[in-house]
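Residue-level structure breakdown
These are the residues of each chain, in order.
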Amino acid sequence: MQGLTRRQSEALKAIKNFIRDEGYSPTYRELGERLGVTAQSVKHHAHELKRRGAIDFTPGRAGTIRVLDAQ
């Protein structure tokens, strides 16, 4: 997906890798641990990725992140 910042691209890659490795969608805290950032930082990146159409999730529900792009 084009137009993502470096950190957004890293977050998207971490989401894909987590789902591949664990078989389920990560929480913000789990992603933060993998990326070395806070859950609040992950939340910000997740909302931007959703706005850009790379992922979808249900706000307020942990573990609902779905990757939408074909990468």
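A brief structural summary. None of these values were measured; they are calculated from a predicted model.

1. Looking at the overall build of the protein chain
When helices and strands are counted, the protein chain shows three helices and two strands. Scanning the protein chain from its N terminus toward the C terminus, one meets helices and strands in the order α-α-α-β-β. In the protein chain, which comprises 71 residues, the proportion classed as buried is 31%. Working note: accessible area of the protein chain is about 4,500 Å², and carbon and sulfur atoms make up 48% of it.

2. Considering the environment of histidine 45
Mapping histidine 45 onto the fold places it in helix 3 (residues 39–51). Residues histidine 45 and glycine 3, 42 residues apart in the sequence, show an inter-C-alpha distance of 13 Å. What histidine 45 contacts, discounting residues up to four positions off in sequence, is Arg7, Gln8 and Ala11.

3. Structural notes on the packing of aromatic side chains
Tallying each qualifying case throughout the model produces two aromatic pairs. Seen in terms of ring centroids, phenylalanine 18 and tyrosine 24 are 5.5 Å apart; in terms of plane orientation they differ by 80°. Their pairing is edge-to-face. For the pair tyrosine 28 and phenylalanine 57, a centre-to-centre distance of 6.4 Å together with 85° between the ring planes defines the contact as edge-to-face. Residue tyrosine 28 is found in helix 2 (residues 28–35), and its partner phenylalanine 57 is found in the loop between strand 1 (55–56) and strand 2 (66–67); the two are separated by 29 residues along the sequence. For tyrosine 28, a relative accessible area of 22% corresponds to the partly exposed category. The ring of phenylalanine 57 has lysine 50 sitting right over it, with the charged end atom 4.6 Å from the ring centre.

What counts, and at which threshold
In this numbering scheme, every chain counts its residues from 1 along its sequence in written order. With the structure being a predicted model, the display of local features is reserved for residues of pLDDT at least 70 and the display and counting of side-chain atom pairs for 80 or more, all residues being used for whole-chain, interface and lining totals. Heavy atoms from the whole structure form the basis of all side-chain values; hydrogens and water molecules are not counted. The helix count covers DSSP runs of H or I at least four residues long, the strand count covers runs of E at least two residues long, and both are numbered beginning at the N terminus. A 1.4 Å probe rolled over the protein chains alone gives each residue an accessible area, and that area as a share of the maximum for its type sets the label: buried under 20%, exposed over 50%, partly exposed in between. Shrake-Rupley sampling with a 1.4 Å probe provides the accessible areas, and residues are treated as covered by the protein chains on show and by no other component. By definition in these notes, contact holds between two residues if any of their heavy atoms fall within 4.5 Å. Aromatic pairs are defined between Phe, Tyr and Trp rings, using the six-membered ring for Trp, whenever the two ring centres lie within 6.5 Å; interplanar angles under 30 degrees are classed as stacked, those over 60 as edge-to-face, and all others as tilted. Look at NZ for Lys and CZ for Arg. If either is within 6 Å of the ring centre and within 35 degrees of the ring normal, a charge sits over the ring.

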